[in-house]
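# Structural overview for review
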Amino acid sequence: MEERQLLQILVNAKKLTPAQAKNVSEMQALLKGPVSSVICKLGFMKDEELTSFIAQQEGLKVADLEGMIIPENLVKLVPREIIEKYELFPIRKKGNTITLAMSDVKDFNAIQEVAFATNLRVDVILASQNSIKKIITQFFDQADTQQKELDGLGLTENDSDTVKALVMLLIEKGILKESELKDKVTSVSALSAHKKG
């Protein structure tokens, strides 16, 4: 659905007044963002309400990202810059097809960039902008925190992902304390240095 068409449909459905639609159109010309984003920024509709309305009009399903468990290796298929630039999130991969949650499923630039970067066929599913922003923040904040913790433990990129995952799991489950691990790493390093000497 074209953006001008969306405004007209919203007016016809009495979701926006003609004055509000005009206001959105003028603001969109200035901001150059998607119409849906401008509608929400101006407070004329809530993001979830607008997403649901668009889904009904287009006959699309809406992805429920709340509580969805997405494997880290799936997210790593798409460069972080693309995820943050276009506010999209990979949620599934089957065969050579990756499924993206997007608030604008007709953003062909985003779809093409992901296809080029991943060398995969791209499928899209609609999701509210708020839910996508939330999952991006949660995922990358958690990944950044885990990386800082691993850096603090002295694990390097040469250590296998399995060892890193195991260490994180042991700490999360309370089986191992960070201080105990650091002490062990120090003693092993000292022993190795002594053997070499």
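Quick caveat: nothing in here was measured; it's all calculated off a predicted structure. (Residues numbered from 1 in each chain as written. Predicted model: local features only at pLDDT ≥ 70, side-chain atom pairs only at ≥ 80, totals over all residues. Heavy atoms only, no water.)

## A short note on the pairing of strand 2 (residues 97–102)
Put simply, the rule is: Here's how the labels work: a residue is buried when its accessible area is under 20% of the maximum for its type, exposed when over 50%, partly exposed in between, all with a 1.4 Å probe on protein chains only. A run of DSSP states H or I qualifies as a helix once it reaches four residues; a run of E qualifies as a strand once it reaches two. Both are numbered from the N-terminal end. Strand pairing is assigned whenever DSSP detects at least two bridges linking the two strands.
The buried fraction of strand 2 is high, at 6 of 6 residues. Side chains Thr 97, Thr 99 and Ala 101 project from strand 2 onto one buried face, and the interleaved Ile 98, Leu 100 and Met 102 project onto a second face that is buried too. Taken together, the 6 bridges between strand 1 (residues 88–94) and strand 2 define a ladder with antiparallel strand orientation. Within strand 2, the position partnered with Lys 93 by the bridge is Ile 98. Between the end of strand 1 and the start of strand 2, which pair antiparallel, lie 2 residues, with Gly 95 showing a positive phi angle near 60°. Where strand 2 and strand 3 (residues 121–126) come together, 6 bridges link them in parallel fashion. When the bridges of strand 3 are listed, Met 102 appears paired with Leu 126.

## Topic: the confidence of the model for the protein chain
Put simply, the test is: The predictor reports its confidence for every residue as pLDDT, a score running from 0 up to 100.
Per-residue confidence for the protein chain gives a mean pLDDT of 84, with 84% of residues at or over 70. Between the elements of the protein chain, mean pLDDT differs from a low of 65, seen in helix 10 (residues 178–196), to a high of 96, seen in helix 7 (residues 108–118).

## Quick notes on unusual backbone geometry
You will see that Glu 87, though not glycine, has its phi angle at about 50°, which is positive. Its place among the elements puts Glu 87 in the loop between helix 6 (80–86) and strand 1. One non-glycine residue with positive phi stands out, namely Asn 119, at about 60°. Take Asn 119: its relative accessible area is 71%, and that puts it in the exposed class.

## Points about the sheet that holds strand 1
Put simply, the rule is: Think of each axis as a best-fit line through the C-alpha atoms, taken over the contacting stretch in the case of a helix, with angles from 0 to 180 degrees between the N-to-C directions.
Pairing is mixed in the open sheet, where 3 strands are placed in the order 1-2-3. Of all strands in the sheet, those bounded by a partner on one side alone are strand 1 and strand 3. The sheet shows a mean angle of 30° between the axes of neighbouring strands, taken without regard to direction.

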